[in-house]
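Descriptive analysis of the structure
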Amino acid sequence: MKSRRRWVAILSLVGLTWLSSGCGVIGGKIASTSDAAGDQARHIWDLFLVPVWWLSVAVFILVTGWLLLNIVLFRRKPGDTRIPPQVHGHPRLEIVWTLIPAIILALIAIPSTRLIFQLNRDPGPDSNALQVQVIGHQWWWEFRYPEFGIVTAGDLHLVVDRPVVLTITSHDVIHSFWPPRLAGKVDAVPGRHNTMVFTPEETGVFYGQCAELCGAQHAHMQFRVVVQTQQEFDAWVQKHRQPAPDPTPGTLAATGKELFAGTAGCAGCHSVNPTYDPSTPINKTLMVGPNLAYFAERHTLAAFLPNTAENLHQWIANTEQVKPYSIMAEKWWKIRAQQNQLLTEEQVNAIVEYLWSLK
Amino acid sequence: MAEAAIRLEQAGYRRSALVEWLTTVDHKKIGILYYWTAIVYLLLAGFLALLMRIQLAQPNMHFLGPKTYNEVMTMHGTMMIFAVAMPLNAAFFNIAVPLMIGARDVAFPRLNAFSYWSFLFGSLLMWSSFLFGHAPDAGWFGYANLSSSRLYSAGPGLDFWDLGLQVLGISSIAGALNFFVTIVNMRAPGMSLMRMPVFVWMVLITAILILLAFPSLTVGLFMIMFDRYFNTNFFNPLHGGDPVIWQHLFWIFGHPEVYILVLPPMGIISEVLPTFSRKPLFGAPFVIFAGIAIAFLSFFVWAHHMFTVGLGPVPNALFAASTMLIGIPTGVKVFNWLATMWGGSLDFKTAMKFASAAVWMLMIGGITGVMHATVPLDYQQQDSYFIVAHFHYVIFGVIVMGLLAGTYYWFPKMYGRLLDERLGSWHFWLTFIGTNLTFFPMHFVGLDGMPRRYFTYAAETGWGSWNLVITIGAFILGLSQTLLLVNVVKTLRQPAAASADPWDGRTLEWTIPSPPPAYNFAVIPTVRGRDAYWIEKYGDGHHTPAATDTMQRREVHQPRHDNPGHSLLPPGVHLPKPSWWPLIVSAGLTAMAAGMIMHGTETLGPLGFPIVGLGVFVVFFGLLGWHFEPAIEHEEAHVSQ
């Protein structure tokens, strides 16, 4: 009897710790799927809570309860040589517990199937949906707005409460586009054009990331979704119809621009012009590297670092240390290092100054 | 041990211990070889997991670089699936199946040895990639075109993966054929299919799954090999290929693979729970048909790994429905196990602890499985730590715990000794706590948006605190496995004193001594029902105990043949002859794979094809030698002097 009580105590302690650890631990983080700020993420989280989560709790309690009951009631006592009744089965009971999971699954399958079709619905031509092309690259994201002939990278600008249709593909390996607080994920598959439809419901800057292993720097392939009001977005579009003004001649930034376009070799892969020919097919690469137009307004650099002057300096001066295996590290920094042509401290400063003048 | 050696010597095996093990075709020895190879790999691949956990313990750690992390992650997954879980299953196929069906060996003893040696060489080939500084790094499912193009995965890493898996696949298919034929043809008289122990049933289903699923993987691996070596562009979208084809080929294999891994441990649970409850398995036909249903459905669910690939809403909805159907037979199994315990006399020996915990773990892994079967939820959970949590509950919680239950349960049949119960209890509780501490918080970071296969993360993500807990859990889990080794060493230092039937067992393996003699059964038993041995001991209402029946009596208490000067093999028993050929053919096969890998490198390229040729030569003449070697020794060889 004593040992049975000890068992009850131990097992209920284990159970309680386990259960309580599940409460209040999710949410409040930049990528929390529970803190929905878009309709798709909200629908998904609602489906998770009702009915999936509560049915799961019911199954958990049923199975755990039965198991604990078995352990408590039928533990063999020392010296007990009794042979219990040899029950071989009970077809009616077994049919009942074949039906229980079937009913639970049906309860989940019905709302889930409805949501599958709802989430995949094209909003139609009169919905005023924004059209954006999303292109995954090792290891950064490119965003093209064919309506406006604007291309950018790293920051996806969207309008609050306005549906967006993303056409998603990749120019190298498979990536997966995932802004957790706004929507689920859709794979960026080279040669395929996937679509994703959702409506952002809050303004702000939202975190996004790659979710499919795509090589060494998979973990450093973030983006931000900047959700703006229609006016802010219109202003942003207007601004991006032409490149940022050139720096004043004679300043450090002007030296930087010369280096950028000349001996530093940046312009071989990067453009600072935000416009492109909107008839360009989605599978055609514009430039090897991300477009750097209005760079100073970007939230991240190298697809993972906060965009600060210090980080930018580090990135240009020590590319290999900051993001090894990236094209810029392999094909630019390493080659210049071999040829002893790494940029000097002043040159790096000048380029940083120039990029930070792009606003 | 000494007794066993004498017995073998008298049976005609007068060879050194090393040669003995290298040439053995005895399923019990091959089982032990499988077991220890897989346990060593479990510790190695577990060590890789701990390296990852150190790197992820806190944000922005610099313990492993991005490429090293991907290599460690890929090898952890690939090795745990193909070189730990599958071979541990194969170990128990070998250790238990012939004994449970009343057979003297498997159908093709030399093929059985070949399965082991090609598993060993193939896995060593893959491990050796670390020595050459190029381990595979595209994840255990090696998605094309990252894996299929030398542009995106330079170096021989993925070649080690591709060719190594081909060798392991041959080993698995050979093993599956062998156990399929063994179970179909070699059951003791009276053991109809529905009287067959549930573990044997699960092995039979698993063998069928392997035979049907592995060809798909093999085709895919060949296509990746062709893409990498001969620029065939199967998966290259720039030239009309499609990387998604690989995902279909892989998961048509990959989902049945999950059941290839989990059905045998489910079989072990179905043996351990009744034995330690002193009750028959509740609704055994239901459990068997649930296993068949799971296996059948497993071929219709592969695209649930691909809900975010963009197949469209109709395929997604259909594959969601078929996936949820699997929840029904799985639920049936759980309820039948719980009903088996109900009303029993439960003896919580270590094996029973592991088996009951595995039932509970399966419930959690099953619930989260239904969550990702719900397509919209999967849009968020896919490729996040939520998935990692789910499949570790199944793979560690059910598969490894089930296999650990099997270890404690059948150890007397391996070594004639019982593992220490006190150490076993510590082993169980630390494993149980470690497993939950490691894998449960992964649900939280997954829902908080942490993707899998990230070598690092920023502090601002807020994932750091749970990751620290996960790392602590992983160390508890990892270190507690050394208790198994301590237990084994301690136990093996004691005399082999286990009785034939230490657990009051229900099936035929408990009718013969622990460990069994080379020939297993002196007289092949006659089976009168499921729980064949239990019926002979206690009757079951339809049959009276065998005490009155002298024939049965003699079979239940096998003669021990300790009469000196008497031939050890009972009359009419033929044992398969030890053979070098399985080892030689496996070595040739592995040389072919190694040559192919060399061919893909810059420095050793010219050596590649000559070594492939050498491998072909060895395989060809090995098979020839195999063919002309008499499989069974002449009767005279058994007569001892």
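What counts and how
Along each chain, residue indices are assigned from 1 in the same order as the chain's sequence is written. Written order determines the labels here, with chains lettered from A and ligands numbered from 1. The predicted nature of this model means local features are confined to residues of pLDDT at least 70 and side-chain atom pairs, given and counted, to a pLDDT of 80 or more, with totals for whole chains, interfaces and linings taken over all residues. Each helix is a run of H or I in the DSSP string that is no shorter than four residues. Each strand is a run of E no shorter than two, and both are numbered from the N terminus. Residue burial here comes from a neighbour count, namely the number of other C-beta atoms, placed from the backbone, that lie within 10 Å of the residue's own C-beta, with 20 or more meaning buried, 12 or fewer meaning exposed, and in between meaning partly exposed. Think of it this way: build a C-beta for each residue from its backbone, and any pair within 7 Å is a contact. The reference for a compact globule is 2.2 Å times residues^0.38; the radius of gyration itself is calculated from the C-alpha atoms. Start and end points for every domain follow an automatic or database-based domain assignment. Ten residue types, Ala, Val, Leu, Ile, Met, Phe, Trp, Tyr, Cys and Pro, are classed as nonpolar, four, Asp, Glu, Lys and Arg, as charged, and the remainder, Gly among them, as polar. Values of pLDDT, ranging from 0 to 100, describe the predictor's confidence in every residue of the model. For two strands to pair, DSSP has to find at least two bridges joining them. Connectivity within a nonpolar core runs through C-beta atoms within 7 Å, and the core itself is a set of buried Ala, Val, Leu, Ile, Met, Phe, Trp, Tyr and Cys residues. Geometry is summarised by axes, namely lines fitted to C-alpha atoms with helices restricted to the contacting stretch, and by angles between N-to-C directions that run from 0 to 180 degrees. Oblique is the label for any angle not covered by the other classes, which are roughly parallel (under 35 degrees), roughly antiparallel (over 145) and roughly perpendicular (65 to 115). Crossing handedness is read from the near helix: turned anticlockwise from the far helix by less than a right angle, it gives a left-handed crossing, and turned clockwise, a right-handed one.

1. Considerations on the overall build of chain B
The secondary structure content of chain B amounts to 21 helices and zero strands. Dimensions along the principal axes, computed over C-alpha positions, put chain B at roughly 75 × 60 × 45 Å. The buried share of chain B, taken over its 641 residues, is 63%. Across chain B, the fraction of contacts at a sequence separation of at least 24, relative to all contacts at a separation of at least 6, is 82%.

2. Let's talk about the overall build of chain A
Looking only at helices and strands, one finds nine helices and twelve strands in chain A. Computed over C-alpha atoms, the radius of gyration of chain A comes to 28 Å, more than 25% over the 21 Å expected from 2.2 N^0.38 for 359 residues, which places it beyond the range of a compact globule. For chain A, contacts bridging at least 24 residues in sequence account for 69% of all contacts bridging at least 6.

3. Considerations on the domain arrangement of chain A
Residue and element names in this part refer to chain A. With domains assigned, chain A is organised as domain 1 (30–74 + 90–121) and domain 2 (129–359). Computed from C-alpha atoms alone, the centre-to-centre distance between domain 1 and domain 2 is 40 Å. Residue-level contacts link 13 residues of domain 1 with 14 residues of domain 2. Here the residues of the side of domain 1 that touches domain 2 are counted per class, giving six nonpolar, four polar and three charged.

4. Here we look at the confidence of the model for chain A
Per-residue confidence for chain A gives a mean pLDDT of 92; residues scoring 70 or more make up 93%. The secondary structure element of chain A with the lowest average pLDDT is helix α1 (residues 2–20) of chain A, at 62, and the one with the highest is strand β10 (residues 223–228) of chain A, at 98.

5. Some thoughts on the pairing of strand β5 (residues 164–170) of chain A
All names here are of chain A. In terms of residue burial, β5 counts as a mostly covered element, since five of its seven residues are buried. The sheet contact formed by strand β1 (residues 130–137) and β5 spans seven bridges and is parallel. Within the sheet, the bridge partner assigned to Q133 lies in β5 and is T167. The pairing of β5 with strand β8 (residues 194–198) spans five bridges and is antiparallel. Counterpart to T167 in the pairing with β8 is T195.

6. Some remarks on the interface of chain A and chain B
The interface of chain A with chain B comprises 78 residues on the first partner and 76 residues on the second. Looking at the side of chain A that touches chain B, the elements that each hand over two or more residues are α2 (39–74), α3 (91–119) and β7 (186–188) of chain A.

7. So, unusual backbone geometry
Residues and elements named next belong to chain B. In this model, A144 is joined to N145 through a cis peptide bond whose omega is 0 degrees. When you line up the elements, N145 lands in the loop between α5 (109–127) and α6 (157–185). A cis amide bond links S514 with the next residue in sequence, P515, at an omega value of -10 degrees. Mapped onto the fold, P515 is located in the loop between α16 (482–492) and α17 (532–538). Phi at D531 takes a positive value of approximately 55 degrees, unusual for a residue other than glycine. With respect to the helices, strands and loops of the structure, D531 is situated in the loop between α16 and α17. Of the residues examined, D531 has 26 C-beta atoms within 10 Å and is grouped as buried.

8. Let's talk about the confidence of the model for chain B
Residue and element names in this part refer to chain B. Here chain B averages 91 in pLDDT, and 91% of its residues register 70 or above. Ignoring residues within four places in sequence, the model shows residues 547–567, a span with pLDDT below 50, making 25 contacts including any to other chains. When the criterion is pLDDT under 50, residues 635–641 qualifies, and its contacts beyond four places in sequence or with other chains add up to ten contacts. We note a pTM of 0.92 for the whole complex and an ipTM of 0.92 for its interfaces.

9. Considering the pairing of strand β9 (residues 204–210) of chain A
As a general feature of sheets, a regular strand has side chains that alternate between the two faces. Residue and element names in this part refer to chain A. Across the seven residues that make up β9, a large majority, five, are buried. In the sheet, strand β6 (residues 175–178) pairs with β9 via two bridges, with the strands oriented antiparallel. If you follow W178 over to β9, its bridge partner there is Q209. Pairing of β9 with β10 involves five bridges; the strand directions are antiparallel.

10. Remarks on the nonpolar core
By size, the foremost hydrophobic cluster in this structure holds 309 residues, and its most contacted members are A358 and A405 of chain B. If we ignore the near neighbours within four places in the chain, the residues touching A405 of chain B are I268, I269, V272, A351, F354, A355 and A358 of chain B.

11. A look at the sheet that holds strand β3 (residues 150–153) of chain A
Residue and element names in this part refer to chain A. Taken in spatial order, the five strands make up an open sheet running β3-β2-β1-β5-β8, and their pairing is mixed. A single partner strand is all that each edge strand has here, and the edge strands are β3 and β8. Taken over all neighbouring pairs, the strand axes of this sheet differ in orientation by 25 degrees on average, direction set aside. Looking at chain direction, strand β2 (residues 140–145) and β3 are connected through four bridges and run antiparallel. Looking across to β3, one finds that Y145 is bridged to I150.

12. Focus: the domain arrangement of chain B
All names here are of chain B. Domain boundaries in chain B define domain 1 (15–507 + 571–638) and domain 2 (508–555). Between the C-alpha centres of domain 1 and domain 2 the distance comes to 33 Å. Taken together, the contact pairs 29 residues of domain 1 with 24 residues of domain 2. Elements that contribute at least two residues to the side of domain 1 that touches domain 2 include exactly α4 (66–100) and α13 (385–415). Its residues placed into classes, the side of domain 1 that touches domain 2 shows 16 nonpolar, six polar and seven charged.

13. Some thoughts on the packing of helix α11 (residues 350–373) of chain B against helix α14 (residues 421–447) of chain B
All names here are of chain B. Interhelical geometry of α11 versus α14 gives an angle of 15 degrees and a closest axis separation of 9 Å. The orientation of α11 relative to α14 falls into the category roughly parallel. Taken as a pair, α11 and α14 cross one another with a handedness that is right-handed. For the pair formed by α11 and α14, the contact residues are T350, K353, F354 and A357 on the first element and E421, G424, S425, H427, F428 and F432 on the second.

14. What to know about the sheet that holds β6 of chain A
All names here are of chain A. With mixed pairing, the five strands of this open sheet are ordered in space as β4-β10-β9-β6-β7. Only two strands of the sheet have a single partner each, and these edge strands are β4 (155–159) and β7. On average, adjacent strands in this sheet sit at an angle of 30 degrees to one another, irrespective of strand direction. Against the sheet, helix α4 (residues 230–239) makes contact with β4 and β10, and its axis sits at roughly 135 degrees relative to β4, the strand it touches most.

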